[in-house]
Amino acid sequence: LNPTQGGIVSLFANQAGKVWGGDYEFFSLTAEAKRYQRIGWGVVMASRLEIGLSDTFGSRRNLPLSERFYAGGAGSVRGYSRRKLGPLNRADDPLGGLSLVEGSVELRRPLWRNLSGAIFLDFGQLSLDAYDLPFDDLQFSPGFGVSYATPIGPLRLDIGFPINPAEDDD
């Protein structure tokens, strides 16, 4: 629940249509790496990088909105509203992306008894195009957080502040 050393690598692959049949024909690949390292004075550096690619077999209509990549919000790029990082339509609704880059660097430290603090820098972006990882348009969000260790795990409160916030994103 609150690792202090080690790492995790996750790979995910989804495919719909073609040999499986159905109304949609697409695939997506996602790779995520997390690393935890003690760096002294009780501080743990937690880092994360996620890259996602998806494409359709044929028309873009073969990839439903529910299967696209989204960024922003808790567990993503804090400081941006849920799913509000990336392309939006005229009604300010997220379009989702076919390519995703997302990550975070966080320094965590115990403060007092069961209370810990953290500072972080999140980053991410989406692209509407397949195989177009948007490293050149990353958005950044620094912030801080506190957590309280309960018997069932840590409860966290994180507050992030986008460096280049969208005008209409509260």
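Everything numeric in this text was worked out from a predicted model, so none of it was measured.

Calculation rules
Residues numbered from 1 in each chain as written. Predicted model: local features only at pLDDT ≥ 70, side-chain atom pairs only at ≥ 80, totals over all residues. Heavy atoms only, no water. Helix = DSSP H or I, 4+ residues; strand = E, 2+ residues; numbered from the N terminus. Phe/Tyr/Trp six-rings, centres within 6.5 Å; stacked < 30°, edge-to-face > 60°. Buried < 20%, exposed > 50% of the residue type's maximum accessible area, 1.4 Å probe, protein only. Lys NZ or Arg CZ within 6 Å of the ring centre and 35° of its normal. 1 Å grid on protein atoms, 1.4 Å probe; cavity = no way out; pocket = protein on both sides within 12 Å on 5 of 7 lines; lining within 4 Å. Points joined across faces, edges and corners; volume = space filled by probe spheres on them. Nonpolar A, V, L, I, M, F, W, Y, C, P; charged D, E, K, R; others polar.

Participant: I would appreciate a short explanation of unusual backbone geometry in the present structure.
Facilitator: Leave glycine aside and you will find that most residues have negative phi; peptide bonds, for their part, are mostly trans. Even without being glycine, R83 reaches a positive phi, approximately 65 degrees. Relative to the helices and strands, R83 resides in the loop between β3 (43-56) and β4 (99-112). With a phi close to 70 degrees, D92 is a non-glycine residue in the positive phi region.

Participant: Explanation requested: the packing of aromatic side chains in the structure shown.
Facilitator: Any two aromatic rings considered together are summarised by their centre-to-centre distance and by the angle between their planes. Applying the stated criterion to the full structure yields 3 aromatic pairs. When the centroid spacing of 5.7 Å and the interplanar angle of 45 degrees are considered together, the rings of F27 and F57 count as tilted. Highlighted residues: F27 in strand β2 (residues 26-40) and F57 in the loop between β3 and β4, separated in sequence by 30 residues. Overall, F27 belongs to the buried group, its relative accessible area being 19%. F57 gets classed as partly exposed once you look at its relative accessible area, which sits at 27%. Aromatic pair F123 and F140: ring centres 6.2 Å apart, planes at 45 degrees, arrangement tilted. Taken together, the residues span a long stretch of sequence, with F123 in strand β5 (residues 115-127) and F140 in strand β6 (residues 139-150) at a distance of 17 residues. The residue whose ring lies beneath R78 is F120, and the NZ or CZ to ring-centre distance is 3.6 Å. Between R83 and the ring centre of Y70, over which it is positioned, the NZ or CZ distance is 4.1 Å.

Participant: So what exactly am I meant to see when it comes to the layout of surface pockets here?
Facilitator: Rolled over the atoms, a probe with the dimensions of a water molecule shows which regions are left empty. One number sums up the size of the largest pocket: a volume of about 680 Å³. For the largest pocket, the lining is made up of 34 residues, of which R78, E106, R108, R156 and D158 are closest to its centre. Breaking the lining of the largest pocket down by element, the ones donating at least two residues are β2, β3, β4, β5, β6 and β7 (153-160). Residues that form the lining of the largest pocket fall into these classes: 11 nonpolar, 14 polar and 9 charged.

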